[in-house]
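Observations on the three-dimensional arrangement
Spelled out from the first residue to the last, the chains are:
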Amino acid sequence: GDGAEAYWYVHPLLLGEPIDSGNFITITAPTVDTRYYLRFEGDCNVTAALDILIEVHPFPEPDILGDTVVCESSTTEYTVSGFEGSVFTWTAVGGNIVGGANQQSLSVEWTGVGIGILSVTETSSFGCASLAEISVVKNPSPIADAIITQPGLVCIGDMRSYSIEGLPSSLFEWTVEGGTILSDFGDSIEVSWETAIGNYTVSVVETTDLGCTGDTLQLIVQVEGPEIELGDDTYVCEGEVFTIDLE
């Protein structure tokens, strides 16, 4: 009839007072799935009701898993929890994403020292999006790159010093093949080469006070000495005198 106006209800039997009136309504998103009913009501009669279902989908709650303390120039893998079917968009500040930029897991190569930031935005299949972010502490890596020793030939019985230029607070683990470490001063050692002629190795690994371990550095040491020959095996007759000469 004349003067019909639209009224909105949430009760399926359209009981109680309408929640609003007019051809459209603005509502706060409900917390559960809710069906809304629309009916035009006039002076003489009312229309049949129309309805629309509003489905409520949760916002994602992504959680980044992975190391938050790393070494400079290291590559670290991270994963994020999320809904099936979601799309993940990653951003790294202070590092480079080297794989999986739009996946649920990825690798980051951290550069420099200080604080890095890793963030990911999860967008569910229903278009709901949430951001997760973590801070990553980037500690200095070892700086030693070579074993230092004096030049010259190493002879059997010689003593040689070997050193490394690392961080002042680092620890150094030395390994010597074929020789004997006489003194270990941390960033340097003294080695005695009481061994046979041949090629041997001096190795060292630097570990910083914050736990960052460098590559194994290795030096080949060639030990030289006089070559002594006693000749071929031979025989003597019983009672004879025989002289053995060094050749």
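Above this text is the structure in question.
Residues numbered from 1 in each chain as written. Predicted model: local features only at pLDDT ≥ 70, side-chain atom pairs only at ≥ 80, totals over all residues. Heavy atoms only, no water.

Turning our attention to the sheet that holds strand β17 (residues 180–184). A sheet is described by the order of its strands in space; here four strands give the open sequence β13-β15-β18-β17, paired in antiparallel fashion. Pairing within the sheet leaves two strands with one partner each, and these edge strands are β13 (147–149) and β17. Going across the sheet, the axis of each strand differs from the next one's by a mean of 30 degrees, ignoring polarity. Bridge count between strand β15 (residues 159–164) and strand β18 (residues 188–192): five bridges; the pairing is antiparallel. In the sheet register, Ser163 faces β18, and the bridge partner there is Ser188. (Pairing = 2+ DSSP bridges. Helix = DSSP H or I, 4+ residues; strand = E, 2+ residues; numbered from the N terminus. Axes fitted to C-alpha atoms, helices over the stretch in contact; angles between N-to-C directions.)

What follows deals with the pattern of salt bridges. Side-chain pairs of opposite charge can arise where the charged atoms are in close proximity. Overall, the coordinates contain three salt bridges when judged by the stated rule. Arg35 is the partner of Asp51 in a salt bridge, and the nearest nitrogen-oxygen pair spans 2.6 Å. Of this pair, Asp51 sits in strand β4 (residues 50–54) while Arg35 sits in strand β3 (residues 34–41), placing them 16 residues apart in sequence. By relative accessible area, Asp51 is classed as partly exposed at 43%. Given the relative accessible area of 34%, Arg35 is considered partly exposed. Arg39 is the partner of Glu41 in a salt bridge, and the nearest nitrogen-oxygen pair spans 3.0 Å. Given a relative accessible area of 18%, Glu41 falls into the buried group. What makes Arg39 buried here is its relative accessible area of 19%. (Salt bridge = Lys/Arg side-chain N within 4 Å of Asp/Glu carboxyl O. Buried < 20%, exposed > 50% of the residue type's maximum accessible area, 1.4 Å probe, protein only.)

A word on a nonpolar patch on the surface. Nonpolar side chains collect at one region of the surface, where Val10, Ile19 and Ile27 lie side by side and expose about 230 Å² of accessible area between them. Of note, Ile27 is situated in the loop between β2 (20–21) and β3. (Patch = residues over 30% accessible without salt bridge, like charges linked within 9 Å, V, L, I, M, F, W, Y side chains within 5 Å. Areas by Shrake-Rupley, 256 points an atom, 1.4 Å probe, with all protein chains shown as cover.)

What follows concerns unusual backbone geometry. One non-glycine residue with positive phi stands out, namely Leu14, at about 55 degrees. The buried category is assigned to Leu14, whose relative accessible area is 12%.

A word on the packing of aromatic side chains. For the structure shown, the criterion picks out three aromatic pairs. For the ring pair Tyr78 and Trp110, a centre distance of 6.3 Å and an interplane angle of 90 degrees mean the geometry is edge-to-face. Here Trp110 lies in strand β10 (residues 105–110) and Tyr78 lies in strand β7 (residues 75–80), a separation of 32 residues in the sequence. For Trp110, a relative accessible area of 0% corresponds to the buried category. An aromatic cluster is present here, built from Tyr162, Trp193 and Tyr200 joined pairwise through their rings. (Phe/Tyr/Trp six-rings, centres within 6.5 Å; stacked < 30°, edge-to-face > 60°.)

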